Amino acid sequence: MITLQLLQQIIVFFLMMACGFAVVKRGLIDAKSSRTLSVICIYIIMPCVMINAFQIEYSRSIRNGFLLAIAAAVLIHIFLLVFTQIIGKPLKLSVVEKESIIYSNSGNLVIPLVTVVLGEEWVIYASAFLSVQMILTILVVSVTFRTETEFQIRIIFLCTATDCTFVLRHFP
């Protein structure tokens, strides 16, 4: 059953990619429009999905599962950081290639899969992974690719404080 649902969702993703390809090939959307769609997705749709994920009744089991998901996300990212350092030299991976292995497009892929396969009540655990990934992405990628670390670290603290405030309101 889960395999069929997962396959069905993957087919939907491929159909969406094919539609995007066709729209670009026909010239209906250019690079500038693509950026606009990305901004809408990142700043409007994803926050709405995250807020919706927290609209559940509080329980100890949900809190413990959320904390377990955060711990698992941290361990996964530590493993990926070490793994890319080990394989990076023999495979001669560039910085961009290493970072793309570590920081996946999990928001656009995982949340729809979790919603379809496991149900909306499981999205809160995927949001724990996304929160860890967001903080690490801002920290590591901005330090790797920019010299404006002071500004970027300020953003991390701001995002973390916002996340903590939001979580503390829903998990007393």
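Residues numbered from 1 in each chain as written. Predicted model: local features only at pLDDT ≥ 70, side-chain atom pairs only at ≥ 80, totals over all residues. Heavy atoms only, no water.

A. Focus on the overall build of the protein chain. Helix and strand counts for the protein chain come out as seven helices and zero strands. Taken from N to C terminus, the helices and strands of the protein chain fall in the order α-α-α-α-α-α-α. Here the protein chain holds 172 residues, and 24% of them are scored as buried. When contacts within the protein chain are restricted to residue pairs at least 6 apart in sequence, long-range pairs at least 24 apart make up 70% of them. Here the protein chain displays about 12000 Å² of accessible surface, and carbon together with sulfur accounts for 71% of that area. (Helix = DSSP H or I, 4+ residues; strand = E, 2+ residues; numbered from the N terminus. Buried < 20%, exposed > 50% of the residue type's maximum accessible area, 1.4 Å probe, protein only. Contact = heavy atoms within 4.5 Å. Areas by Shrake-Rupley, 256 points an atom, 1.4 Å probe, with all protein chains shown as cover.)

B. Quick peek at helix α1 (residues 2-25). The end-to-end C-alpha distance of α1, which contains 24 residues, comes to 34 Å, matching closely the 34 Å that a straight helix rising 1.5 Å per residue would cover. Every buried residue of α1 is listed here: Gln-5, Gln-9 and Phe-13. Just beyond α1, the residue with positive phi is Gly-27, at close to 80°. (Expected span 1.5 Å × (residues − 1).)

C. Unusual backbone geometry, seen in detail. Positioned with a positive phi, Lys-92 is a non-glycine residue whose angle comes to about 55°. As for its placement among the helices and strands, Lys-92 is situated in the loop between α3 (60-91) and α4 (95-102). Overall, Lys-92 belongs to the exposed group, its relative accessible area being 73%.

D. Broad picture of the packing of aromatic side chains. Applying the stated rule across the entire model yields three aromatic pairs. Measuring from ring centre to ring centre gives 5.7 Å for Phe-79 and Phe-83, while their planes differ by 15°; the resulting arrangement is stacked. On the criterion of helical spacing, the pair formed by Phe-79 and Phe-83 is a turn pair, its members being four residues apart in helix α3. When its relative accessible area of 52% is taken as the criterion, Phe-79 is described as exposed. (Phe/Tyr/Trp six-rings, centres within 6.5 Å; stacked < 30°, edge-to-face > 60°.)

E. A look at α3. A rise of 1.5 Å per residue sets the reference length of α3, with its 32 residues, at 46 Å; its end C-alpha atoms lie 45 Å apart and thus fit the reference within 8%. Within the sequence span of α3, burial applies to Ile-62, Phe-66, Ala-69, Ala-73, His-77, Leu-80, Thr-84, Ile-87 and Gly-88. Note on α3: the residue one or two positions beyond its end, Lys-92, has a positive phi of about 55°.

F. Structural context of the nonpolar core. One finds Ile-111 and Ile-124 to be the most contacted residues of the largest nonpolar core, which totals 15 residues. For this core, the secondary-structure elements that each account for two or more residues are α2 (31-53), α3, α5 (106-117) and α6 (123-145). Among the elements that make up this core, the one with the highest residue count is α6 (six residues). Once residues within four sequence positions are removed from consideration, Ile-111 is found in contact with Met-46, Val-49, Met-50, Ser-106, Val-123, Ala-126 and Leu-130. (Core = buried A, V, L, I, M, F, W, Y, C linked by side-chain atoms within 4.5 Å.)

G. Geometry of the packing of α3 against α4. At their nearest, the axes of α3 and α4 sit 9 Å apart, and the two run at 150° to each other. Compared by their axis directions, α3 and α4 come out roughly antiparallel. For the pair α3 and α4, the sense of crossing is right-handed. Judged by residue contacts, His-77, Leu-80, Leu-81, Thr-84, Gln-85, Ile-87 and Gly-88 of α3 engage Lys-98, Ile-101 and Ile-102 from α4. Class assignment for the residues of the contact of α3 with α4 results in five nonpolar, four polar and one charged. (Axes fitted to C-alpha atoms, helices over the stretch in contact; angles between N-to-C directions. Parallel < 35°, antiparallel > 145°, perpendicular 65-115°, else oblique. Left-handed = near helix turned anticlockwise from the far one by under 90°. Nonpolar A, V, L, I, M, F, W, Y, C, P; charged D, E, K, R; others polar.)

H. Main features of the side chain of Ser-127. With respect to the helices, strands and loops of the structure, Ser-127 is situated in helix α6. If sequence neighbours within four positions are ignored, Ser-127 has contacts with Met-50, Phe-54 and Phe-66.

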